[in-house]
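Here is what each chain is made of, one letter per residue.
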Amino acid sequence: MKLSSEEIEILRIIEENHKISVESIALMVESSEEQVRKTLKKLEDEKIIMSYPTLIDWSKVEGQENVIAMIDVKVTPKRGVGFDEVAKRIARFPEVSSLYLMSGAYDLSITIEGKSMNQIATFVSEKLSTIDNVISTTTHFMLKKYKHDGVLFTSGDDQDRRMVVSP
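Heads up: these notes are all about the structure in this document.

The rules behind the values
Residues numbered from 1 in each chain as written. Predicted model: local features only at pLDDT ≥ 70, side-chain atom pairs only at ≥ 80, totals over all residues. Heavy atoms only, no water. Pairing = 2+ DSSP bridges. Helix = DSSP H or I, 4+ residues; strand = E, 2+ residues; numbered from the N terminus. Axes fitted to C-alpha atoms, helices over the stretch in contact; angles between N-to-C directions. Contact = heavy atoms within 4.5 Å. Salt bridge = Lys/Arg side-chain N within 4 Å of Asp/Glu carboxyl O. Buried < 20%, exposed > 50% of the residue type's maximum accessible area, 1.4 Å probe, protein only. Core = buried A, V, L, I, M, F, W, Y, C linked by side-chain atoms within 4.5 Å. Parallel < 35°, antiparallel > 145°, perpendicular 65-115°, else oblique. Left-handed = near helix turned anticlockwise from the far one by under 90°.

## Quick look at the sheet that holds strand S3 (residues 108–114)
Step number 1: Pairing in this open sheet of 4 strands is antiparallel, and the strands run S2-S3-S1-S4 from one edge to the other. Each end of this open sheet is capped by a strand with a single partner; those strands are strand S2 (96–101) and strand S4 (134–141). Across the sheet, the axes of successive neighbouring strands diverge by a mean angle of 20°, strand direction being ignored.
Step number 2: When strand S1 (residues 67–75) meets S3, the two strands line up antiparallel, connected through 7 bridges. Paired with Val-73 across the strands is Leu-108, a residue of S3.
Step number 3: Relative to the sheet, helix H5 (residues 117–128) contacts S1, S2, S3 and S4, its axis offset from that of S1 by approximately 20°.

## Observations concerning the pattern of salt bridges
Step number 1: Summed over all chains, the structure comprises 6 salt bridges.
Step number 2: Lys-38 is paired through a salt bridge with Glu-34; the nearest N and O atoms lie 3.4 Å apart. Pair noted here: Lys-38 and Glu-34 are both in helix H3 (residues 33–45), with a separation of 4 residues, about one helical turn.
Step number 3: Residue Glu-34 is classed as exposed on the basis of its relative accessible area of 52%.
Step number 4: Here Asp-45 ties to Lys-41 by a salt bridge, and the two come within 3.0 Å at their closest N and O atoms. Of this pair, Asp-45 and Lys-41 both sit in helix H3, 4 residues apart, which is roughly one turn of that helix.
Step number 5: Look at Lys-41 and you get partly exposed, because its relative accessible area is 48%.

## Details of the nonpolar core
Step number 1: Ranked by internal contacts, the top residues of the largest apolar core, which has 18 residues, are Ile-71, Val-73, Ile-90, Ile-110, Ile-112, Phe-123 and Leu-128.
Step number 2: Mapped onto this core, the elements with two or more residues apiece are S1, helix H4 (84–91), S3 and H5.
Step number 3: The contact partners of Ile-71, leaving out residues within four places of it in the chain, are Leu-108, Ser-109, Ile-110, Ile-112, Phe-123, Val-124, Leu-128, Thr-137, Thr-138 and Thr-139.
Step number 4: If you look at the next biggest cluster of nonpolar residues, it comprises 12 residues, including Ile-13, Val-29, Val-36 and Leu-43.

## What to know about the environment of Val-134
Step number 1: Take Val-134: it is sitting in strand S4.
Step number 2: Note on Val-134: relative accessible area 13%, which makes it buried.
Step number 3: Each C-alpha atom of the pair Val-134 and Pro-77 lies 9.1 Å from the other, and the pair is 57 residues apart in sequence.
Step number 4: With residues near it in sequence (within four places) discarded, Val-134 still touches Val-73, Lys-74, Val-86, Leu-128 and Ser-129.

## Comments concerning the packing of helix H2 (residues 22–29) against H3
Step number 1: Their axes nearest at 8 Å, the elements H2 and H3 cross at an angle of 105°. By the angle class used here, H2 and H3 are roughly perpendicular. On the side of H2, the interface is formed by Val-22, Glu-23, Ile-25, Ala-26 and Val-29, while H3 contributes Glu-33, Val-36, Arg-37 and Leu-40.

## What to know about the packing of helix H1 (residues 5–16) against H2
Step number 1: Following both chains from N to C, one finds H1 and H2 inclined at 135°, their axes separated by 10 Å at the closest point. Taken together, the axis directions place H1 and H2 in an arrangement best described as oblique. When the axes of H1 and H2 are compared, the crossing they make is right-handed. Listed contacts from H2 to Glu-6, Glu-9, Ile-10, Ile-13 and Ile-14 of H1 are Ile-25, Met-28 and Val-29.

Right under this line is the structure:
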């Protein structure tokens with residue numbers, strides 16, 4: 001879909017700060033609030049604006065910590081549909097938070113969340129690896145999050161306070 005320069009500018013503004021008011025957007029693009037509301041509605045209806053994210057550091061909320069794993073998957077593509085059919089099947093699992101077709105050694109990259117490593121292992125062994133056309137999987141567990149969607153999770157004053165020991 002071809003967008004006007006004003007529509008593109010609005011997209012860039014809300015991509016940077018999704019909580020910005022319609023009034024502020026209107027001032028920034030030199031338009032009326034009503035026109036900005038119409039533009040946002042149009043972009044939402046056309047599924048150009050997919051969602052408005054809230055980024056929460058769950059590691060700071062006691063009892064709500066999740067284990068996050070990134071899984072590389074090798075797949076045999078199906079004639080006529082390629083990787084799309086198996087990707088759609090994998091995307092339906094509620095554990096899957098993201099799924100990408102990749103270039104390189106693996107075909108699909110999946111991010112999943114679970115309450116424990118065991119829960120993720122069960123997902124991989126009982127659900128993911130049993131799908132037709134899945135050849136192999138490699139699971140990587142996230143140990144610490146430093147930056148996500150452009151947001152730093154550590155402050156600049158987090159210095160390594162370990163004593164330096166050298167031979």
